[in-house]
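Analysis of the macromolecular model
The residues making up each chain are set out below.
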Amino acid sequence: MAYENITTTQEDRTHIITINRPKQLNALNKATIQELHDALDKANKDEGTRVIILTGSGEKAFVAGADIKEFANYNVEQGQELAANGQEILFNFVQNLPTPVIAAVNGFALGGGLELAMASHIRVASENAKLGLPEVSLGVIPGYGGTQRLAQLVGRGKAMELITTAGMMDAKDAQNWGLVNHVVPQNELMDLAKKLAKKICNNSGSAIKSAIKAVNANYVDGLNGFNVEITEFGNCFGTDEFKEGTSAFLEKRKPDFK
Ligand code: DAK
């Protein structure tokens, strides 16, 4: 599939998706959101892919937000429709993807960019990263899940401060607040993301899929996360990977998860 706004590469079992609109600091327009959906869907369905890394091209930005030029003229209906559509095809889609997604935040992650990073399962950042939800400075609010996910990650008080001041956190602050897991110099960022990906690849894909479902269940209205955990835990016992994992342990060898 030919993409105009992203590039994709496969390294062993890790699929790397790079948002590639450097002149616009990788801002997300509708076409980019659709391409990201298509690429993530394809990678998730590819049996040779176990982890996905999302990053931005260049050294300045992961994603500097939704494309302001594109949404500047939307009306109320278009705003609601596009927020709902974007949440479904990209942001909720990423959060619920059975294949783990690591966001390698290589610079500005603002607005929709931070929302994309927050929807990802793991976030790592370069030292120059700046993260924020500046939407209220434009007269809108975060529309791709940011009001919910930021509060879940850093707590309601800090989320309120960051959103209402339209401020930016530097990478170290973001790490201290639990918004990103690790901070490294920019030239080490992809190596770190790939190292984490490699560790994930050594484990059972079916168990990871169940774990993602169970963790996410806490954030779904009407679902009891503990009950989902019990169901998913039980399901693991019916998988070949459980048999392989336990046999490998008992036979004192490394498991070979296909
Ligand atoms: N959209 C479009 N173009 C952008 C952009 C953006 N978000 N961010 C940067 N650019 C473009 C700039 O216009 C500039 O283009 P040229 O003028 O060269 O043509 C180029 O990227 C370089 O940017 P700067 O010259 O501004 O670079 P600086 O180093 O001076 O500043 C910056 C970097 C990241 C601090 C600054 O560019 C900036 O403040 N960018 C905007 C950040 C921002 O406010 N992002 C949007 C957050 S709001 C919706 C759902 C969700 C949303 C909206 C609608 N619907 C469902 C309808 C979410 C909204 C947001 O994400």
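This write-up is about the structure you can find in this document.

How each quantity is defined
Residues numbered from 1 in each chain as written. Predicted model: local features only at pLDDT ≥ 70, side-chain atom pairs only at ≥ 80, totals over all residues. Heavy atoms only, no water. Helix = DSSP H or I, 4+ residues; strand = E, 2+ residues; numbered from the N terminus. Expected span 1.5 Å × (residues − 1). Contact = heavy atoms within 4.5 Å. Near = heavy atom within 4 Å. Polar contact = N/O pair within 3.5 Å; in protein donor to acceptor, adjacent residues only side chain to side chain. Areas by Shrake-Rupley, 256 points an atom, 1.4 Å probe, with all protein chains shown as cover. Nonpolar A, V, L, I, M, F, W, Y, C, P; charged D, E, K, R; others polar. Pairing = 2+ DSSP bridges. Axes fitted to C-alpha atoms, helices over the stretch in contact; angles between N-to-C directions.

**Notes on helix α1 (residues 30-45)**
Three or four residues apart is the spacing at which side chains of an α-helix point the same way, because the helix has 3.6 residues per turn. The terminal C-alpha atoms of α1, which comprises 16 residues, lie 23 Å apart, in line with the 22 Å expected from a rise of 1.5 Å per residue. The secondary structure elements touched by the buried residues of α1 are β1 (6-11), β2 (14-19), β3 (51-56), α3 (76-95), β5 (101-105) and α4 (112-119).

**Considerations on the site of the ligand**
What surrounds the ligand is a group of 23 residues, the closest being K60, A64, A66, A83 and G112. One of the backbone nitrogen or oxygen atoms of K23 is found 3.3 Å away from an oxygen atom of the ligand. Contacts to the ligand include A64, whose backbone N or O atom sits 2.9 Å from a nitrogen atom. Here the ligand, which alone exposes 1100 Å², has 67% of that area covered by the protein. Of the residues in the shell around the ligand, the class split is 14 nonpolar, five polar and four charged.

**What about the sheet that holds strand β4 (residues 61-63)?**
Taken together, the four strands give an open sheet; going across it, the order is β4-β6-β8-β9, and neighbouring strands pair in mixed fashion. Either end of the sheet is taken by a strand with one partner, and the two such strands are β4 and β9 (168-170). Taking the axes of each pair of neighbouring strands and ignoring which way they run, one obtains an average angle of 20° across the sheet. Looking at chain direction, strand β6 (residues 108-110) and strand β8 (residues 130-132) are connected through three bridges and run parallel. Within the sheet, the bridge partner assigned to A109 lies in β8 and is L131. Relative to β6, α4 is tilted by about 90°, and along the sheet it contacts β4, β6 and β8.

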